[in-house]
Each structure stands twice: as structure tokens, then as C-alpha cells.
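# Structural features, examined
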Amino acid sequence: MNKIPATVVTGFLGAGKTTLIRHLLQNANGKRIALIINEFGDLGVDGEVLKGCGEETCREEDVVELANGCICCTVADDFVPTMTALLDRDVKPDHIVIETSGLALPQPLVKAFNWPDVRNRVTVDGVVTVVDGRAVADGRFAHDEAAVDAQRAADEMLDHETPLSELFEDQLGCADIVVLNKTDLIGEDEIEGVLHELSHDMRAGVQVIRASEGRVSPSALIGLGMGAEDDVVNRPTHHEREGAEDHDHDDFDSFDVTLAEIPDPTAFAAHLSEVIRRHNILRLKGFVAVAGKPMRLVVQAVGPRVDSYFDRPWQDGEARATRLVVIGETGFDRAAIEADLKG
């Protein structure tokens, strides 16, 4: 009951996600909303979103831009650490809004809310998919499909080459609310045709909200209470619907391990990297006691890449020990990993 609700806003570049979010922020009625932006193809988005917003509802420090690539491909590197830092703040937001890249597969992002770092502190209140009504009426997925393709080519971190048709299907299939935007640019008969087209990929019971210029009441978008991270099985991807094997895992697990002081930080980092590779560990973090050093060593590893730095002196009465948290997919061999770390 104490989890902070988060809304995932997805849709292709140019569909109107940013204008919808700006309208939401401008009408937040005192609710403090933090915004994570991944639509890196939309230049200057921070300034645009903040224009006209009250400082109390969307201060500059509450807007975080993830510009390293598609959010579903950089979950461990960018999204989870960013979300953790946001949740660790002394003054926490009332609600979190995440604007995904138009190239993002929404289901892996929803699954990421089950990571041990965040699953007890935040929940997916709902997934909102914004659709460019004019484009769909014209038989396209986006107003400027060439711009979407250019965005794909510019994203060095993108690890999937999903066709636009399948991306569109996945965005609709994961949605709790579909916002049919730009309805002022299409006639009523065309709207009915678009609604029929969208219904093929939407889940039963999902509502479509008609909008122009992204103007949708916040009460229609937030406070849905869907808990989507616990409902992933009912949000199948295109490949799952087609019966293809899905290599994503629905859950993650973690455990703590305590070690003695270590003599050599460089050798220890190399050892951690090898253990991570051997057991396919997703993430490892913690504090390390280095023999002869008065400072505590912070270790952070995403995959086999290990980063470390000394953050502060060990305090009086604080046990000098190495404590690590290991995060991996459910079913990993904890005993073997712990033995290798101590080896």
C-alpha cells in the first residue's frame, strides 16, 4: 500500500506523448510528479515539458532524461539505477511518469518493476499508449516513419530489430489506456475505422480516450491501480501471441553475501567479473573492506563490467566487512555463486 505509483507512457515518436505529459503536469493539482524521459529523439524535451509548470509539481530535479538508448534495452544500466536513486530521495514524488522511447518494447520495462531494487517500493499504476490517429487513418504507424527509422539507426544500444508493425502491436497489447490523439485532424467516419483497426491488438476491456493536442484529464490517466508488473502474463508480446519462445524471465531474485577484507581491489574486481560471467549474474553491488585502507570501497557491476570508488571512511564501531548484493534471474544457483565469490 505504500508503493509509489508509476505511469508508463508509450507510443511512437511524434504521437504526442510529450504534449500529453506536459498537459498532465500542468494540471497536477499540487501532486508532485517525477518524470523519467527516454524519448531521446525529441530534442529539447526537458525545457518543453517544464514550460508553464508550477515549480512545486515538476521542479527541474524531478525531470530525469535517459539518453543512452531504448529504455527496454538499458534496464540494468540506466532505468533501475535511476529509479532507485529517485526512490532514495528524502522528498519522494507522489507519482512517477515514464515517457518511453517509441522504439521501446513495453513489456520488458513493466517486468523491470519486479527487480529486487524497486519491486517493494514502486508499482506500475498503468500503461498508457498514445496513438497518432491521423497516421493510422492514413495507413501508417507514425506521422514520420522515416524519423522513427532514423531514431532506430541512431540508437547504438538497441538490441532488437522489431518491425514497426510488431512494436505497434506490443504497445497496444500492453496498454491499460489507449489515447487516440490528433482526433481533430480526422473525421468521425475515419475515427470509427481507426478504432476498429486498434481493437485487433488491444486487450479486452481496455478503453480508448479520444484527444487532440494531448489534452486528457489527469484523473483518466493516473490512479488506475493496475499493478501491471503482476499482470505481465496477460500482456503478451507479438512473439508470445505467435507462439515463439520468449527468452525474457518474469521474475528476479537476490541474496546478500558477506566476505572478509580483500587485499587487492583490482584483483577483486577481476574476480567479480569472472564470477558474473560464469553465473550470468545481472547485477552486483555492495561495499568492500580493503586491507590497510581507511575508506570504504563501493562496488557496482552491471553484467561483467565492474566499477568501484572509495566513498567514505569506515565509522567508529562499524564492522569492516565486505557485503555484496547479487541480483539474477529466478532459479540461479545461490550456493555455487556464494562459493565462487568466497573462493
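A brief report on the enclosed structure follows. (Residues numbered from 1 in each chain as written. Predicted model: local features only at pLDDT ≥ 70, side-chain atom pairs only at ≥ 80, totals over all residues. Heavy atoms only, no water.)

### A word on the overall build of the chain
Looking only at helices and strands, one finds 12 helices and 12 strands in the chain. The buried share of the chain, taken over its 343 residues, is 51%. Long-range pairs, those at least 24 residues apart, make up 79% of the contacts in the chain between residues at least 6 apart in sequence. (Helix = DSSP H or I, 4+ residues; strand = E, 2+ residues; numbered from the N terminus. Buried < 20%, exposed > 50% of the residue type's maximum accessible area, 1.4 Å probe, protein only. Contact = heavy atoms within 4.5 Å.)

### Examining the packing of helix α11 (residues 265-279) against helix α12 (residues 334-342)
It is at 10 Å that the axes of α11 and α12 come closest, and there the two elements cross at 160 degrees. Classified by the angle their axes make, α11 and α12 are roughly antiparallel. The handedness of the crossing between α11 and α12 comes out as right-handed. Residue-level contacts link H271, L272, V275, R278 and H279 of α11 to A336, I337, D340 and L341 of α12. Residue classes in the contact of α11 with α12 are distributed as five nonpolar, two polar and two charged. (Axes fitted to C-alpha atoms, helices over the stretch in contact; angles between N-to-C directions. Parallel < 35°, antiparallel > 145°, perpendicular 65-115°, else oblique. Left-handed = near helix turned anticlockwise from the far one by under 90°. Nonpolar A, V, L, I, M, F, W, Y, C, P; charged D, E, K, R; others polar.)

### Observations concerning the nonpolar core
Among the nonpolar cores identified, the biggest contains 26 residues, and F79, M83, I96, I98, F113 and V122 are the most heavily contacted of them. Within the residue set of this core, elements represented by two or more residues are β1 (4-10), β2 (33-37), α3 (75-87), β4 (95-99), α4 (106-112) and β5 (122-132). It is α3 that contributes the most residues to this core, five residues altogether. Excluding residues that lie within four positions of it along the chain, M83 makes contacts with I36, I96, I98, F113, V118 and V122. (Core = buried A, V, L, I, M, F, W, Y, C linked by side-chain atoms within 4.5 Å.)

### What to know about the side chain of E229
When you line up the elements, E229 lands in the loop between α9 (218-221) and α10 (238-241). Within the buried set, E229 has no salt-bridge partner at all; the shortest N-O distance to an opposite charge, 4.2 Å, is to K3. Engagement of the side chain of E229 in a polar contact is seen with the side chain of T123, the distance being 2.7 Å. (Lys, Arg positive; Asp, Glu negative; His and termini not counted. Salt bridge = Lys/Arg side-chain N within 4 Å of Asp/Glu carboxyl O. Polar contact = N/O pair within 3.5 Å; in protein donor to acceptor, adjacent residues only side chain to side chain.)

### Topic: the pattern of salt bridges
This model, assessed by the stated rule, comprises 20 salt bridges. When the shortest N-O distance is used, the salt bridge between D176 and R235 registers 2.8 Å. Separated by 59 residues along the polypeptide, D176 in the loop between α7 (164-173) and β6 (177-181) and R235 in the loop between α9 and α10 bring together distant segments of the chain. Both residues of the pair, D176 and R235, count as buried. With a closest N to O distance of 3.3 Å, E192 and R210 form a salt bridge. Of this pair, E192 sits in helix α8 (residues 188-199) while R210 sits in strand β7 (residues 207-210), and the two are 18 residues apart along the sequence. Beyond isolated ion pairs, a larger network of salt bridges with shared partners links R134, D138, R140 and E190.

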